[in-house]
Amino acid sequence: MLTDGDNDTQIVRVGAHDVRLTHLSKVLYPETGTTKRDVIEYYAAVADTILPHVRDRPATRKRWPDGVSADSFFQRDLGRGTPEWVVRRNLEHQTGTSTYPLVQDAATLVWLAQTAALEIHVPQWRFGRPVTKDGAPRKPDRLVLDLDPGEGAGLGECVEVARLARRILREMGLDPVPVTSGSKGIHLYAPLDGHATDEQITAVARELARTLEADHGDLVVSDMKKSLRAGKVLVDWSQDNGSRTTVAPYSLRGRARPWVAVPRTWRELGSPHLRHLEFGEVLRRIGRRGDPLTEPAPGRAGVVGRDERAGSSASVP
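In what follows, the accompanying structure is described. These numbers were taken from a predicted model, which means no experiment stands behind them.

Cut-offs used in this document
- Residues numbered from 1 in each chain as written.
- Predicted model: local features only at pLDDT ≥ 70, side-chain atom pairs only at ≥ 80, totals over all residues.
- Heavy atoms only, no water.
- Pairing = 2+ DSSP bridges.
- Helix = DSSP H or I, 4+ residues; strand = E, 2+ residues; numbered from the N terminus.
- Buried < 20%, exposed > 50% of the residue type's maximum accessible area, 1.4 Å probe, protein only.
- Polar contact = N/O pair within 3.5 Å; in protein donor to acceptor, adjacent residues only side chain to side chain.
- Expected span 1.5 Å × (residues − 1).
- Contact = heavy atoms within 4.5 Å.
- Phe/Tyr/Trp six-rings, centres within 6.5 Å; stacked < 30°, edge-to-face > 60°.
- Lys NZ or Arg CZ within 6 Å of the ring centre and 35° of its normal.
- Axes fitted to C-alpha atoms, helices over the stretch in contact; angles between N-to-C directions.
- Parallel < 35°, antiparallel > 145°, perpendicular 65-115°, else oblique.
- Left-handed = near helix turned anticlockwise from the far one by under 90°.

Strand order in the open sheet made by the 4 strands is β6-β5-β9-β15, with antiparallel pairing throughout. The open sheet terminates on both sides in strands that have one partner only, identified here as β6 (73–75) and β15 (246–247). Here 2 bridges tie strand β9 (residues 117–122) to β15, and the two strands are oriented antiparallel to one another. Bridging from a neighbouring strand, V122 pairs with T246 of β15.

Quick look at the structure:
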């Protein structure tokens, strides 16, 4: 996509749109020498794989304009200079209205990379299609658990908890896919059929986390207090709240190295050499293995609802 040479400013054609790129030689990951050019080329190359996971979802960006060794900030609102062709939607918050970009195409991904938006965070719901200014958010189409290791715990402990959570989710008619987050832990994604509200899904996730804590208190914690996490894995159930976001699958992370949030197979999680992957490894992996998060699952999308007789959260196949 980019031309060869030392030209630090270019205008490139991505699909139907022109995108102006600047400061291409700026190093964003000092430890690996990864430049803005590298980041842009990664997002261009991964576009077909990441877009199904972010399309129609309002995108919150985490930006590192001066690289990961400098300050970062989250951005919801679109700023001045946003190309007019970027699809956008308004969302009401307690503090006011924010205008979000929707990552609908490769050109938008490239433009976000140009702004040093290394991380793309999205909710578990989408806007209805066609996406119009009057369209309303749909009910969530996936459940997410964030397995976050405390001090003294790591990926190995997250794998143990992921397997325990998988057993429960499968009993509920859900078939989760693990994602090594590219930061510390593991995310579990399970597809839903879109009939349950985010409140219902959050209640189910919270009850699951509490069940794991009750049965495996030496390994799992469901309380968000950091003081309780040492040597344990927090099962963060709050990501299913409609106002919360999770880093998107295949998004880069703003860590010391250009790690990526990568969907994995359960067989991979059994490897003693499991680790977070960098963007070059991810691109090679996609070419060999495809995307585990879009492959047909053995089960089917579950329906999360309420068991009124028991007065607690339940799954209804």
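Still to come is the rest of the account.
The subject of this paragraph is unusual backbone geometry. The backbone of H23 sits at a positive phi, close to 55°, despite the residue not being glycine. Within the secondary structure, H23 sits in the loop between β2 (17–21) and β3 (27–29). The class for H23 is partly exposed, based on a relative accessible area of 46%. Residues other than glycine seldom take positive phi values, yet Y250 does so here, at roughly 80°. For Y250, the location among the structural elements is in the loop between β15 and β16 (259–260).

Another point: the environment of R63. With respect to the helices, strands and loops of the structure, R63 is situated in strand β5 (residues 60–63). Expressed as a C-alpha distance, the spacing of R63 and E119, which sit 56 residues apart in the sequence, is 6.9 Å. At 2.9 Å, the side chain of R63 and the backbone oxygen of T115 are in polar contact.

Turning our eyes to something else, we now look at helix α3 (residues 155–171). Because an α-helix packs 3.6 residues into every turn, residues spaced three or four apart end up facing the same way. With 17 residues, α3 extends 24 Å between its outermost C-alpha atoms, agreeing within 8% with the 24 Å of an ideal straight helix rising 1.5 Å per residue. Of the surrounding secondary structure, the elements contacted by the buried residues of α3 are β10 (142–149), β12 (186–191), α4 (198–215), β13 (220–221), β14 (233–236) and α5 (266–269). Two residues or fewer past α3, G173 is found with a positive phi of approximately 85°.

Two elements, strand β7 (residues 88–93) and strand β8 (residues 96–101), share 6 bridges in a ladder whose sense is antiparallel. Its bridge partner lying in β8, E92 is registered against T97. The hairpin formed by β7 and β8 contains 2 residues between the paired strands.

Of all 6 residues that make up β9, 6 are buried, and the element is covered over most of its length. When β5 meets β9, the two strands line up antiparallel, connected through 4 bridges. Note on β9: the bridge partner recorded for T60 is H121.

Moving on, we come to the packing of aromatic side chains. The relative placement of two aromatic rings is captured by the distance of their centres and the angle of their planes. Counted according to the given criterion, the structure contains 3 aromatic pairs. With 5.1 Å between their ring centres and 90° between their planes, W125 and F127 make a pair best called edge-to-face. Of the two residues examined, W125 and F127, each falls in the buried class. Three or more aromatic residues link up through ring pairs in this structure, and these residues are Y42, Y43 and F279. We note R89 situated over the ring of F127; from NZ or CZ to the ring centre the distance is 4.1 Å.

On to the side chain of S238. Within the element layout of this structure, S238 appears in the loop between β14 and β15. Discounting chain neighbours no more than four positions away, the residues touching S238 are M224 and R244.

It is the contact of helix α1 (residues 36–54) with helix α2 (residues 106–114), at a shortest axis distance of 9 Å, that shows an interaxial angle of 150°. For the element pair α1 / α2, the angle class is roughly antiparallel. Crossing of α1 over α2 shows right-handed handedness. Judged by residue contacts, K36, V39, I40, Y43, A44, A47, I50 and L51 of α1 engage A106, L109, V110, A113 and Q114 from α2.

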